[in-house]
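# Per-entry structural report
Letter by letter, the chains look like this.
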Amino acid sequence: MNQVFLLSSIFSFLLGASALAADVPVCVNGASEKNIKLMESFQANKDTLKVAYLAEKKQFAEVSKSAAACVESNLDINPLKSAQDIKKAAKKQAAKKQLPAGDDDDAFATKEFDDQGKSKNQLPALIRRDCIAASMKRNPGQKGYTCSTDKKTGDQDIEKTYGQVGGKTQQCITDDMVNYVQFAVNRAIKCLSPEPKKDVPADEQPLPVDARVIYQKFNNETGFNYSIAWNGGVGIGQLTTPAVKELASDVGQGQHILEAVAKSNKMSCVGFKEIAESDLKNRPRINDGNYCDFVSSGDGLARNLMYGIGYYLQMRDGIIVPTLKKRAPQLAKNREVVSALTAVSYGAEGIKKAKALIYRADASSNPKTYLASIQKSSAYLTAIKGKMREMYCLKDNVDPSTDDCKNKKLTDKQLGADQCVIQP
Amino acid sequence: MRNTTLVLAILLSSHGAYAAPKTAEKLLEEIKVSRESVSKSDFEKIVHELKKVNSSLNETLNDYKKTDPKSESPALEKVLYVVFSMEPAVDLATSKKPTKLACDKAKHKVELEDKGSKPEDTPLSPEAQESLRWIEILCK
């Protein structure tokens, strides 16, 4: 009898322990598993973008199951089929359902129906999960905010600070949250990337969003932590009032970008479209009483991504490229030059610095030499590379403050975020 | 011979042939004086004065081309900031009085290009402030 009692006690203890273990989150950024306010607000969010993420997550799980079944059935029927052929067949099946079927790294890279009919040049590259995960380990400073649901409106807009983003109050980031951020950012990249224009020659077609520039910006500004807000900027893209005005009011030059999202039929614009429609009627304001409009896990993140990437497009296509074309048309076609100058224009140095750098160019400027000269002259471009180094160190579990990190050998492509994107 | 050379050098330098280009601070002073001279005048006089200011800015840029052909000097960069800040005001200086929307767009452009990505409470630079004052008198 005593043995039975002992065994059942042990069994109950183990059951209880495993149940408790199931409730304790695994924090991929090294934060304490007790700091779960941000995680809880993420889990509670039911905005359109979050719901779209959950739907895709569910579909992916189903495809993985059926892909596994396909693999299994192939093995049964035709044991001579190579592993390569079987993998190809599984991917083909997933593609038919227009669902993600990638590796772990791009598990939630959105492969949308609206990619069809476009050449590779017209599709944007997307950001890799492992680079986002490493970035989210960074401590970008400032305070962070959670947003809980207002029972009257149903919106997640009751803002509350959880304290400093780093240190003792650093919030636990789970795998699921990393997946969600990757999903949201890549979806925004696809939604905002301009559509090809009819009857326009190939070399004059609008370019897709350069995902490397977006990665560098978000890594530099916030480490992809969408909850940060202070008077220097709000949310994942650290938006400011003039930037929001540029896109959401008739005094700005970028309203057409929001209008395109509001009218879009792209699947990737679900989660952004209704926000664009609403903001065109009623321009959002940034102040410390409404941070949640820009930092909540659902609509806040969606709005911030839309404006952040929209502002990048306006800088690139509305200012940098036209200014370069007048000064040095050969440089306007160089992707690296355009990306570097666009980064300067929305960095701390701003548009005037970018224009001053363009002033140095002329029709005889060699792209390689010119690029080297502007990289030397811009403190922001140097800072971006520093944060990329930090990210790579964190990726390899090297303390960024050590000499090991300072001396880590990194290629130009790594520092330029080329290895943090997946080409179409 | 030596005395002749010395006299010629003095004459040439006083003629401004080798004068250093104007600094941003000097330009801003001159722009401010110009604005104050026409602040109570009619629209046409303000436009006329602003076009003179713009010509002076372009002359200064040409002077820098001679001394800094690569256009990399910090002094030139500061002058360029003045030029870029004044552009929205200069663009309003046409034969027709600008609409309210055109004026608001110009003001927004000055602010955006000056502090688009800076903290909310960052003050506008002196050149942005000067440009806004010109826009104010053009749009009154």
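First things first, this report covers the structure right here in the doc. (Residues numbered from 1 in each chain as written. Chains lettered and ligands numbered in written order. Predicted model: local features only at pLDDT ≥ 70, side-chain atom pairs only at ≥ 80, totals over all residues. Heavy atoms only, no water.)

Across its full length, chain B carries six helices and zero strands. Starting at the N terminus and walking to the C terminus, you meet the elements of chain B as α-α-α-α-α-α. A buried classification covers 40% of the 140 residues belonging to chain B. The long-range fraction of contacts in chain B, counting pairs at least 24 apart against all pairs at least 6 apart in sequence, stands at 73%. (Helix = DSSP H or I, 4+ residues; strand = E, 2+ residues; numbered from the N terminus. Buried < 20%, exposed > 50% of the residue type's maximum accessible area, 1.4 Å probe, protein only. Contact = heavy atoms within 4.5 Å.)

Residues and elements named next belong to chain A. Inspection of the entire model under this criterion finds six disulfides over all chains. Bridging Cys-191 to Cys-269, the disulfide has an S-S length of 2.1 Å. Between Cys-191 and Cys-269, the S-S dihedral sits near 100°, and the bridge is therefore right-handed. Here Cys-191, found in helix α6 (residues 175-192), pairs with Cys-269, found in the loop between α9 (255-263) and α10 (273-281); they are 78 residues apart in sequence, far enough to count as distant. The exposure class assigned to Cys-191 is buried, which follows from its relative accessible area of 5%. Here Cys-269 falls in the buried class, since its relative accessible area comes to 1%. Here Cys-393 pairs with Cys-405 through a disulfide, and the sulfurs are 2.0 Å apart. Its torsion about the S-S bond being 100°, the disulfide of Cys-393 and Cys-405 is classed as right-handed. One end of the pair, Cys-393, is in helix α17 (residues 379-395); the other, Cys-405, is in helix α18 (residues 403-406), and twelve residues separate them in sequence. Disulfide connectivity for chain A, with bonded cysteines indexed by sequence position, reads 1-4, 2-10, 3-7, 5-6, 8-9. (Disulfide = S-S within 2.5 Å.)

Residues and elements named next belong to chain A. Tracing the backbone through its elements, the reader meets Lys-217 in helix α7 (residues 211-221). Between the alpha carbons of Lys-217 and Gly-347 there is a distance of 8.2 Å; along the sequence they are 130 residues apart. Each residue touching Lys-217, except ones within four places of it in the same chain, is listed here: Gly-237 and Tyr-346.

Quick look at the pattern of salt bridges now. As a working rule, side chains carrying opposite charge can pair if their charged atoms are close by. Residues and elements named next belong to chain A. Applying the stated criterion across every chain, the model contains 29 salt bridges over all chains. Between Asp-175 and Arg-129 there is a salt bridge, with the nearest N and O atoms lying 2.8 Å from each other. One end of the pair, Asp-175, is in helix α6; the other, Arg-129, is in helix α5 (residues 129-135), with 46 residues separating them in the sequence. Taking the shortest distance from any N to any O, the salt bridge between Glu-390 and Arg-138 comes out at 3.0 Å. One end of the pair, Glu-390, is in helix α17; the other, Arg-138, is in the loop between α5 and β2 (143-149), with 252 residues separating them in the sequence. Judged by its relative accessible area of 5%, Arg-138 falls in the buried class. Salt bridges here are not isolated pairs; linked through shared partners, they connect Asp-210, Arg-212, Glu-336 and Asp-418. (Salt bridge = Lys/Arg side-chain N within 4 Å of Asp/Glu carboxyl O.)

Moving on: the pairing of β2(A). Each regular strand carries side chains that alternate between the two faces of the sheet. All names here are of chain A. Of the strand pairs in this sheet, β2 and strand β3 (residues 156-164) are connected by seven bridges, and their pairing is antiparallel. Paired with Cys-147 across the two strands is Glu-159, which belongs to β3. Between β2 and the antiparallel strand that follows it, β3, lie six residues; Gly-154 among them carries a positive phi value of about 80°. (Pairing = 2+ DSSP bridges.)

Another point: helix α16 (residues 367-377) of chain A. Residue and element names in this part refer to chain A. Here α16 has its buried residues at Tyr-370, Leu-371, Ser-373 and Ile-374. Summarising the axial view, the buried residues of α16 lie within an arc of 165°, below the 170-degree limit, and thus occupy one face. Residues of α16 that are exposed and angled more than 90 degrees away from the buried face: Lys-368, Thr-369 and Lys-376. Between the side-chain oxygen at the start of α16 and the backbone nitrogen of Lys-368 there is a gap of 2.9 Å, and the oxygen is on Asn-366. (Arc of directions from axis to C-beta. Polar contact = N/O pair within 3.5 Å; in protein donor to acceptor, adjacent residues only side chain to side chain.)

Take the interface of chain B and chain A next. Each partner contributes residues to the interface: chain B has 28 residues there, and chain A has 29 residues. Carbon and sulfur atoms supply 53% of the area buried between chain B and chain A, which totals about 2,500 Å² over both sides. Notably, a salt bridge pairs Lys355(A) with Glu87(B), separated by 3.5 Å at the nearest N-O pair. The interface formed by chain B and chain A contains eleven residue pairs in polar contact (both at pLDDT 80 or more). Counting residues per element, the side of chain B that touches chain A draws most heavily on helix α5 (residues 100-115) of chain B, at eight residues. A breakdown of the residues in the side of chain B that touches chain A according to their chemical character gives eight nonpolar, six polar and 14 charged. (Buried area = accessible area lost by both parts, 1.4 Å probe. Nonpolar A, V, L, I, M, F, W, Y, C, P; charged D, E, K, R; others polar.)

Turning to the nonpolar core, a few remarks are in order. By size, the foremost hydrophobic cluster in this structure holds 104 residues, and its most contacted members are Val185(A) and Tyr215(A). Here the element with the most residues in this core is helix α12 (residues 299-327) of chain A; it accounts for 14 residues. Apart from the residues within four sequence positions on either side, Tyr215(A) is in contact with Ile127(A), Cys131(A), Ile132(A), Ser135(A), Phe224(A), Met388(A), Met391(A), Ala417(A) and Cys420(A). With 35 residues, the next largest nonpolar core counts Val38(B), Val47(B), Leu76(B) and Val79(B) among its residues. (Core = buried A, V, L, I, M, F, W, Y, C linked by side-chain atoms within 4.5 Å.)

Along the chain, Gln182(A) turns up in helix α6. Take Gln182(A): its relative accessible area is 0%, and that puts it in the buried class.

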